[in-house]
Amino acid sequence: MVDESEIVVYSSKKCKINYKDSNNGIIIIKSKISIMKLSNKLNISYKVKFWGKQEDINKFYRTAKVFAFTSESEGLPNVLLEAMAAGLACISFDCVAGPRDLIIDSENGYLVNMYDCEGYISKLNTLIKNSELREKFSNNAQKQIEQYNINIIGEKFFNFLLS
């Protein structure tokens with residue numbers, strides 16, 4: 001089994017992208033020593049930026065194009081909701097709960113079978129290279145998550161309390 005962030009680092013190695021001549025790269029927010037060591041071992045540390053825990057995640061959403069979610073287990077993943085609201089094209093493993101509630105596969109993001117690392121890497125590579133697909137996923141994702149707007153949720157909760 002692959003550690004959650006390892007798939008993104010492996011993807012960086014396999015997605016034949018010229019990182020030196022572009023702004024493409026992998027940003028990992030919650031850094032783990034093992035992931036840092038892996039990027040060094042794969043000789044791709046120049047492609048990966050480790051930021052550690054961050055208070056203001058929005059600055060990363062504003063500069064990113066793709067959000068690669070690798071969790072094995074979730075409830076309702078707030079970070080995925082945030083990325084979709086920020087207009088990022090998202091890819092996620094189809095873990096036990098969570099991502100399937102937000103992502104409609106190939107409509108507003110990609111859902112990949114759990115532990116299908118090659119499938120994940122392939123779809124991530126497609127997202128990185130295809131700007132039209134990223135735009136489609138972004139637009140559709142923003143429409144999909146409108147149902148989680150605070151005003152809509154608040155009204156539903158208020159109506160539930162009154163019923």
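Residues numbered from 1 in each chain as written. Predicted model: local features only at pLDDT ≥ 70, side-chain atom pairs only at ≥ 80, totals over all residues. Heavy atoms only, no water.

Let us look at the overall build of the protein chain. Of the regular secondary structure elements, the protein chain holds eight helices and five strands. Listed by position from the N terminus, the elements making up the protein chain come as α-β-α-β-α-β-α-β-α-β-α-α-α. Residue burial in the protein chain is summarised as follows: out of 163 residues, 37% are buried. Counting only contacts in the protein chain whose residues sit at least 6 apart along the sequence, the fraction spanning at least 24 positions is 51%. Total accessible area on the protein chain stands at roughly 9900 Å², and carbon and sulfur atoms take up 50% of it. (Helix = DSSP H or I, 4+ residues; strand = E, 2+ residues; numbered from the N terminus. Buried < 20%, exposed > 50% of the residue type's maximum accessible area, 1.4 Å probe, protein only. Contact = heavy atoms within 4.5 Å. Areas by Shrake-Rupley, 256 points an atom, 1.4 Å probe, with all protein chains shown as cover.)

Core analysis: the largest hydrophobic core is formed by 14 residues, its most contacted members being Phe67, Leu80, Ala83, Met84, Cys90 and Ile103. For this core, the secondary-structure elements that each account for two or more residues are β3 (66-69) and α4 (78-85). The dominant element in this core, judged by the number of residues it contributes, is α4, at four residues. Residues in contact with Cys90, not counting those within four places in the same chain, are Phe67, Leu80, Ala83, Met84, Ile103, Gly109, Tyr110 and Leu127. In this structure, Phe93, Val112, Leu124 and Leu127 belong to the second largest nonpolar core, which totals ten residues. (Core = buried A, V, L, I, M, F, W, Y, C linked by side-chain atoms within 4.5 Å.)

A few words now on the packing of aromatic side chains. The final tally for this structure, using the stated rule, is five aromatic pairs. Taken together, the ring pairs connect Tyr61, Phe67 and Phe69 into an aromatic cluster. (Phe/Tyr/Trp six-rings, centres within 6.5 Å; stacked < 30°, edge-to-face > 60°.)

Our next topic: unusual backbone geometry. One non-glycine residue with positive phi stands out, namely Ser106, at about 70°. Among the structural elements, Ser106 can be located in the loop between α5 (99-102) and β5 (110-112). Taking relative accessible area as the criterion, Ser106 reaches 32% and is therefore assigned partly exposed. Positive phi, close to 65°, is recorded for Tyr115, a residue that is not glycine.

Turning our attention to a nonpolar patch on the surface. On the surface, Phe157, Phe160 and Leu161 cluster together into a nonpolar patch covering about 370 Å² of accessible area. By the element assignment, Leu161 lies in helix α8 (residues 150-162). (Patch = residues over 30% accessible without salt bridge, like charges linked within 9 Å, V, L, I, M, F, W, Y side chains within 5 Å. Salt bridge = Lys/Arg side-chain N within 4 Å of Asp/Glu carboxyl O.)

This part covers the pairing of β3. Every second residue of β3 is oriented toward a common face, the buried set being Phe67 and Phe69 and the non-buried set Val66 and Ala68. Handedness of the crossover joining β3 and strand β4 (residues 89-93) through α4: right-handed. (Right-handed = clockwise from strand over helix to strand, strands pointing away.)

Assignment of secondary structure puts Ala83 in helix α4. Looking at Ala83, the relative accessible area reads 0%, which means it is buried. C-alpha separation for the pair Ala83 and Ala64, spaced 19 residues apart in sequence, amounts to 9.4 Å. Other than its neighbours up to four places away in sequence, Ala83 contacts Tyr61, Phe67, Leu88 and Cys90.

Before going further, it helps to spend a moment on the confidence of the model for the protein chain. For the protein chain, per-residue confidence averages 82 on the pLDDT scale, and 81% of positions sit at 70 or higher. Element-level mean pLDDT values for the protein chain span from 54 in helix α1 (residues 6-14) up to 97 in β5. Confidence drops under a pLDDT of 50 for residues 17-22, and excluding neighbours within four residues, the segment shows eleven contacts in the predicted structure. (pLDDT = per-residue confidence, 0-100.)

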